[in-house]
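Residue-level structure breakdown
The lines below spell out each chain.
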Amino acid sequence: MPNLTLPGLVDVHTHLRVPGGEHKEDFATGTAAALAGGITTILAMPNTTPPLTTPDILRETRQKAQRAIYCDVGLFAGASPTEIERLPQLAPHVMALKIYLNDTFGPLRVEDLPTLMACFQMWPRTKLIAMHAEGQSVAVGIGLAAAYQRPVHFCHISRKVEIELIAAAKRRGLPITCEVTPHHLFLTEADAARLGPLADMRPKLATLADVEALWGHLETTIDCIATDHAPHTLAEKQSPHPPPGVAGLETSLPLMLTAVAEKRLNLERLIELMATQPRRIFKLPTQPETQVEVDRQVRYTLSNTGLQTKCGWSPFAGMMVTGRVQRVILRAVEVYADGQVTAKVGNGKVIP
Ligand code: NCD
Ligand code: ZN
Ligand code: ZN
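Attention here is on the structure that accompanies the text. (Residues numbered from 1 in each chain as written. Chains lettered and ligands numbered in written order. Predicted model: local features only at pLDDT ≥ 70, side-chain atom pairs only at ≥ 80, totals over all residues. Heavy atoms only, no water.)

1. Some remarks on the site of ligand 1
For the record, the criterion: Here a residue is near a molecule or strand as soon as one of its heavy atoms is found within 4 Å of it. As used in this structure description, the phrase polar contact means that two N or O atoms lie within 3.5 Å; if the pair is within protein, one of them must be able to donate a hydrogen and the other to accept it, and residues adjacent in sequence are counted only when both atoms belong to side chains. Computed by Shrake-Rupley with a 1.4 Å probe, the accessible areas treat only the displayed protein chains as cover when residues are assessed. Put plainly, a pocket is an open set of points on a 1 Å grid over the protein atoms alone with protein on both sides within 12 Å along at least five of seven lines, a cavity is a set where a 1.4 Å probe fits but cannot get out, and a lining residue has an atom within 4 Å of a point. Being in a pocket or cavity means that more than half of the molecule's atoms lie within 2 Å of its grid points. Each residue gets one label: Ala, Val, Leu, Ile, Met, Phe, Trp, Tyr, Cys and Pro are nonpolar, Asp, Glu, Lys and Arg are charged, and the others, such as Gly, are polar.
Lining the immediate environment of ligand 1, one finds 15 residues, of which Arg17, Asn47, Thr104, Arg202 and Asp228 sit closest. In this structure, Thr104 approaches ligand 1 through a side-chain N or O atom, which is 2.6 Å from an oxygen atom. Separating an oxygen atom of ligand 1 from a backbone N or O atom of Pro244 is a distance of 3.1 Å. The protein chains hide 100% of the 310 Å² of surface that ligand 1 would expose on its own. Because more than half of its atoms lie within 2 Å of the grid, ligand 1 is assigned to the largest cavity. Looking at side-chain class alone, the shell around ligand 1 contains four nonpolar, eight polar and three charged residues.

Shown next as structure tokens:
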């Protein structure tokens, strides 16, 4: 019997790897992993192969999604220096624009000020801009939000200095928001040393002081939890040049519920961080008659077996957690129950 009912959760940062990376994940397996994690709306990143930077690729990708998804999916457009003129054409097909200011997986990058300014001038003001910004790039993003007086969302903030700078900018009333990932809340650089490439991602795992600073800002500065679900195969991770990124859709809620069980977080705040606020920030449509049934007392060890994600492994395997998703209802239809996806393929909606 469920002893907790949550609203459908939202994850505004996932990599579903379509097109071009379907051996890592695809729309069916990625949205199945979302449902297993109690998540009914996800946003997918544009660093695919090719990246989501032209109207044609976006249209094709939306069609592929519509045929395969089990939960609702919105796409990001990617900012590419060669395609800036096309940004207004991309906007109707996506939920937001993603700009990569620092090095990470895939070729999408914007590293010069004229191109950054062009992005802000070309992207419609009605839609959000999200950034992969680390270290002093966070200050660049804050400066752009201030100069253009428009919202900027910072992805996967991981360090004490970054969250403190964002807190200072928010105190000044600047229109910025940020997400943190479960891996930056529950793992440190000690885990990176233990797990090697299996705990390598961008931003890299940080120090205990950084992790403690994030927990200290969870009630205030941090707007939402997002997984940065970034699956790569075990073979790729064990290769001479392992790509950065780890899966996270199926472990996010159990980890955050564990924090609630341990009284490091209260349940109302968990719901704000994982549902209410991400929906508000990205202006995501509501999902009527949608709920997640949870056993909040069950204790178990996270494992690599039984995962829905195609990559089939998690950096959290072996960790003890409290809380498990039992059943998910989306628009009055059962879509997940007892470890199995019960939804029909294509049951999800592509948004907008
Ligand atoms: C992401 C990926 O694999 O696409 N990797 C990562 O380490 N986070 C890219 C990203 O989100 O920066
Ligand atoms: Zn990133
Ligand atoms: Zn990412």
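2. Thoughts on the environment of Gln297
Put simply, the rule reads: Labels follow the DSSP assignment, with helices taken as runs of H or I lasting at least four residues and strands as runs of E lasting at least two, numbered in each case from the N terminus. A 1.4 Å probe rolled over the protein chains alone gives each residue an accessible area, and that area as a share of the maximum for its type sets the label: buried under 20%, exposed over 50%, partly exposed in between. Here a residue-residue contact requires only that any non-hydrogen atoms of the pair lie within 4.5 Å.
With respect to the helices and strands, Gln297 occurs in strand 10 (residues 291–301). Judged by relative accessible area, Gln297 falls into the exposed class, the value being 60%. Separated by 39 residues in the primary sequence, Gln297 and Thr258 place their C-alpha atoms 9.3 Å from one another. Discounting chain neighbours no more than four positions away, the residues touching Gln297 are Asn3 and Thr322.

3. Topic: the coordination of the zinc ion (ligand 2)
To keep things clear, this is the line we draw: Think of the donor list as every N, O and S atom within 2.8 Å of the metal, or within 3.2 Å for Na, K and Ca; water never makes the list, so a site can look incomplete. A four-donor site is classed as tetrahedral when every donor-metal-donor angle falls between 85 and 135 degrees; four donors are called square planar, and six octahedral, when trans pairs exceed 155 degrees and all remaining angles lie between 65 and 115, with any other arrangement labelled irregular.
Donor atoms from the polypeptide that coordinate the zinc ion (ligand 2) comprise His132 (ND1) and His156 (NE2), at 2.0 to 2.1 Å from the metal. Coordination at the zinc ion (ligand 2) is irregular, judged from the four donor atoms that bind it and the angles of 52 to 146° they form at the metal. Separating the zinc ion (ligand 2) from the zinc ion (ligand 3) is a gap of 3.9 Å. On the criterion of sequence distance, the pair formed by His132 in strand 6 (residues 128–132) and His156 in the loop between strand 7 (152–154) and helix 6 (160–171) is long-range, its members being 24 residues apart. No difference in accessibility class separates His132 from His156, as the two residues are buried.

4. Quick notes on the packing of helix 5 (residues 136–148) against helix 6
Two quantities define a packed helix pair, namely the angle between the axes and the distance from one axis to the other. For the record, the criterion: Lines fitted to the C-alpha atoms define the axes, with helices restricted to the stretch that makes contact. Angles between their N-to-C directions range from 0 to 180 degrees. Angular relationships are summarised with four words: roughly parallel below 35 degrees, roughly antiparallel beyond 145, roughly perpendicular across 65 to 115, and oblique for the angles in between. By convention, the crossing between two helices is left-handed when the near helix turns anticlockwise from the far helix through less than a right angle, and right-handed when the turn is clockwise.
In contact at an axis separation of 9 Å, helix 5 and helix 6 are set at 15° when each is read in the N-to-C sense. In terms of orientation, helix 5 and helix 6 fall into the roughly parallel class. The hand of the helix 5/helix 6 crossing is right-handed. The segment helix 5 lies against helix 6, with Val138, Ala139 and Ile142 engaging Glu162, Leu165, Ile166 and Ala169. Each residue belonging to the contact of helix 5 with helix 6 can be placed in one class, and the counts come to six nonpolar, no polar and one charged.

5. Quick look at the nonpolar core
To be explicit about the condition: To qualify as a nonpolar core, a set must consist of buried Ala, Val, Leu, Ile, Met, Phe, Trp, Tyr and Cys residues joined through side-chain atoms within 4.5 Å.
Counting 100 residues, the largest nonpolar core has Ile99, Phe154 and Leu218 as the members making the most contacts within it. Among residues more than four places away in sequence, those in contact with Ile99 are Ala79, Val110, Leu116, Cys119, Phe120, Ile129, Ala130, Met131 and His132. By size, the runner-up hydrophobic cluster in this structure holds 18 residues, among which are Leu43, Leu128, Cys224 and Phe282.

Bear in mind that shape data such as this cannot, by itself, settle questions of function.
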